[in-house]
Each structure stands twice: as C-alpha cells, then as structure tokens.
Amino acid sequence: MKPWLPAALDYIGSWLAFQRRHHDQPGCALAIASGGEIALEAAFGKADLSSGEALTPRHGFRIASHSKSFTAAGMLRLAEAGHLRLDDAAGTYVPGLHQDVAIATLTQLLSNSAGLVRDGADSGQFFDRRPYRRREELLADLAQPPIYPPAQRLKYSNHGFALLGLVIEAVTGEAYPDWILREIVAPAGLRETQPDIGLWTGPMAKGHSGTQPLGRRVVIPADNPGNAMTAAAGFVATAADVARYFAQLSPRAEASVLSPLSRREMTRRLWPDSESGLGRHYGLGTISGGEGDWHWVGHSGGFQGFITRTAIVPKQGLTISVLTNAIDGLAHPWLDGVAHILKVFAERGGPPVETRDWTGRWWTLWGATDLVPVADRVLCAAPALLTPFLDAAEIAIEAPDTGRILRASGFHSPGETVALEREGGKVRSVRMAGSRLLGADAMRAEMEGRYGDRAQG
C-alpha cells in the first residue's frame, strides 16, 4: 500500500459521511481497492428510509449498467477460448434480427457503435411502468431497423447488450445467468454478486425517489427481474465486490479472469462521446476519461432508485466504487471527489506524526472546516464542497500549537496566525486569524443558546 494512502482513506470516509448528511441522501456505499485488495469499504445512511434500516457494506445494490462490463468480459472470455470472433456478425448466432441489425459485429455491439435503438419504442421498464423486456419482446424490437448504420457514431444501447446476452446463450447452450456466474463471477472471487435480483439472498438496499415533485422521498422496491435485459442492466452486488471485480479489468492487474490482451482491448478508448462536454469515451463494455496518471476507466449505472459508478485508475493501482440508493444519488460527483482527495495526498504525501493534533472538523456559524495534515502543511478543507481541497488554505506549523497561513486566496487570511486552544491538555478550539472554530458539540450549544428559541421560517 502506498505510504500516503491510509491518511487519504481516513479523510475520504470522514468527507463522504459529511457529504451524505449535507446533501440529505438516503445512503451511500463506498469501496476502494489498492491493487487487488480492498483497502476501504464503508456505508453511510439508510438502506430503507421507510423502515430506518441502517445501510451496511454487506447490502446489495442494483448496479444496472455495470452489468455491461460483466457481459463484455464474458464475450472476451469466449473469444479467448476460440468459441467466437469479435468481428462475427450478430446474425450468425441469433436469428430473426432485422437484416441491418444482423450485420452488426459483436465488437460494434460491445462498443455501443452498432446504431441500435437505446431501449425500444416503449422504455417504460426504466420508469416502473412495465416489466423489463422478455426474450420475445426483445427480438420483436430487434426485428425493426436500427437508428444508424453500424460504425457511424457512439450510440448507447441497452438492447445491444441484451442481444449480446442472447449471443452468449446461443454459443454456450446455457442460460446467461448460469454461464456468467460460473465463468466470470466465480473465477473473479466474487461472493456478493449476482446477475439478477431473483438470485440475491443477502440484505438488499431499497431504492428511493428524489424529493420532487412529491416534496418527499418514496421507497422504490427495485425488485424488478431483468428478464432478457439482464446482460445489460440486471446485476446486483456490494461495493466491495464491484471494486474487486473492476480492479481485475485493469491491464496492470496481477490476477484477472481475462488475459492482458483482452483487458487492453476492453479498456482502450474506441468511441468518443463527442457531443458531450464530459470528455468520455466508450471501449468494450467500459467508459473512460481523464488524462495522464489519473486516466480512469470503468462504468456507471442507473436503475430506478439507484445511481452507481466505478472507476479504475490504472497508473495508481486504485479502483473506486460509489453506490447510492436514490434516483438523484451523487455517485458521479462523489467518485470524482474521492479521486480528487486521493490525488492531493498522492502529490503532497502523508502527514508526519508531529501533526496528529492538527486535525479534525471545526465549526463556525458559516459551516465546517477540516484541518487535514499532509507532508509539509496542514490543509484547510471545505467538506461541504464536492472537491474539498479546492482553494484550500495551507498552514505551516511553527511550534507545536501555532502556525501561519502561508498559502491562501487573497480573500482568505494569508500571513495571519493559527493557534490550537487546549483545555485539560486536549485541543478544544482553533483560533484561525480572527475566527474561533469550535467542535461540533460546542457549536451546537452556542447556536442553541443564541437561536434555539426562534421559530423556523
């Protein structure tokens, strides 16, 4: 494990717990793998707001389109064994397709460049208005012409990955869930992963709506079977298992269900999402973005009541998975925030033992400030921000309990002093320039004393 990583993980857990409360989200599960080992797994909030059940790391989530990365690995596994070629046409294996769908290659389906309809003429399955497509319904949709010719542009398609599930069944002679469990899930060492909800036996997080238009959240059972869409969106897993699996897809992984060649093919950038400003690309069942040493590759998922995202950072040997159980869940910005924290610690280094008292969350009426030591300074992080170290002031320690703000925005207090204030030998408050920052209990008491008898507006 990198020497700076334990301190980064400690702060990530504290920051994400704060974020979950700050944004009033039902729940969030997090896992981070270093190499192939889980370095952190945590859960915050509730699995079910209606019952008050606490969320734990053992709760399963509907991870939705993460399923595509399992299906893609299955296709590459079959290709490695010589059972199919990725340039084969889909119609070679599945009859009844429209002639322009049938000519799409397996690579085009895997890279979402086959031009197929996204979810069919009636996508009510994603709005709890109808069941997920059964085989005959899926084939009826695929008997219609595609939207674009193959290899023209990136066009995400759940129907395309559902068709790959039918290809796997045709090649193996087995039901997709049975084959994928035996050939991909089990060899990857995943004990908390199932291809569909009907196979899940552990505790399960419930989904939740947003607060609008009802003015409150409602529980979304999210117990819909995936049916013929399982290969595209059916999987259920814990955060730790998702991180454990995706870590094996890194081309640098020491152990994997796939060869290094297959992993390089699966994770390389094939199609840009050129009409988006997010800088994303699609590979073979993977999404990628970022640049340089923090280039990432992974996938995301949206199931009614759940938003989830996972990213491998191959050059750092790290994998992050953030699972949320609300339809407005912040899995995307929270994963970016986790990566931001990791990058700061990687660049600055872990803290020396002398800074052990220069830490913690401190409050004023304006909110919280986190003192976060790194190798050469103490950073003043804003835990309410999605990037907590953005414009963070830096304190240089000059004596055990005193320091000076050496680097800060001109709107902060550069050049002014900072002091730890003790009571009975323990730090009870922080004097930062002209401000006195308190612990949470003391801040609550101050606010109750000043404002507690005033009616809420």
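Right, let's walk through the structure included here. (Residues numbered from 1 in each chain as written. Predicted model: local features only at pLDDT ≥ 70, side-chain atom pairs only at ≥ 80, totals over all residues. Heavy atoms only, no water.)

### So, the pairing of strand 22 (residues 435–438)
Link 1 in the chain: Note: strand 21 (residues 426–432) against strand 22, 4 bridges, orientation antiparallel. Residue pairing in the sheet places R431 in a bridge with R436 of strand 22.
Link 2 in the chain: What sits between strand 21 and strand 22 in their antiparallel hairpin is a turn of 2 residues, with A433 showing a positive phi close to 55°. (Pairing = 2+ DSSP bridges. Helix = DSSP H or I, 4+ residues; strand = E, 2+ residues; numbered from the N terminus.)

### Here's the deal with the pairing of strand 18 (residues 393–399)
Link 1 in the chain: Where strand 17 (residues 378–381) lies against strand 18, 3 bridges are found, and the strand directions are antiparallel. The residue of strand 18 that forms the bridge with C380 is A393.
Link 2 in the chain: Direction of pairing for strand 18 relative to strand 19 (residues 402–407): antiparallel, over a ladder of 5 bridges. Directly across from I397, in strand 19, lies its bridge partner G403.
Link 3 in the chain: The hairpin turn running from strand 18 into strand 19, its antiparallel successor, is 2 residues long.

### Quick look at the nonpolar core
Generally speaking, a soluble globular protein has its nonpolar side chains buried in company with each other.
Link 1 in the chain: Judged by nonpolar contacts, the single largest core of 114 residues is most densely connected at L163, L342 and F389.
Link 2 in the chain: The biggest single contributor to this core is helix 11 (residues 331–348), with 9 residues.
Link 3 in the chain: Membership of the second largest hydrophobic core comes to 14 residues, among which are A393, L420, M432 and L437. (Core = buried A, V, L, I, M, F, W, Y, C linked by side-chain atoms within 4.5 Å. Buried < 20%, exposed > 50% of the residue type's maximum accessible area, 1.4 Å probe, protein only.)

### A short note on unusual backbone geometry
Link 1 in the chain: Cis rather than trans, the peptide bond between Q212 and P213 has omega equal to 10°.
Link 2 in the chain: Secondary-structure assignment places P213 in the loop between strand 6 (207–208) and strand 7 (219–220).
Link 3 in the chain: Phi at N112 takes a positive value of approximately 55°, unusual for a residue other than glycine.
Link 4 in the chain: In this structure, N112 sits in the loop between helix 4 (106–110) and helix 5 (135–142).
Link 5 in the chain: A positive phi angle is found at A222, which is not glycine, with a value near 55°.
Link 6 in the chain: Residue placement: A222 occurs in the loop between strand 7 and helix 8 (230–233).
Link 7 in the chain: Look at A222 and you get buried, because its relative accessible area is 3%.

### Here's the deal with the sheet that holds strand 8 (residues 236–237)
Link 1 in the chain: Read across the sheet, 3 strands follow the order 4-8-5 without closing on themselves; strand pairing throughout is antiparallel. Edge positions in the sheet fall to strand 4 (61–62) and strand 5 (193–194), since each of these pairs with one other strand and no more.
Link 2 in the chain: Bridging between strand 5 and strand 8 involves 2 bridges; their strand directions are antiparallel. Bridge pairing links T193 to A237 in strand 8.

### A few points about the sheet that holds strand 13 (residues 306–313)
Link 1 in the chain: Taken in spatial order, the 9 strands make up an open sheet running 3-2-1-14-13-12-11-10-9, and their pairing is antiparallel. What marks the edges here is a single partner per strand, and that holds for strand 3 (53–54) and strand 9 (271–272).
Link 2 in the chain: Relative to strand 13, strand 12 (residues 296–303) runs antiparallel, the two being bridged by 7 bridges. Bridge pairing links G298 to A311 in strand 13.

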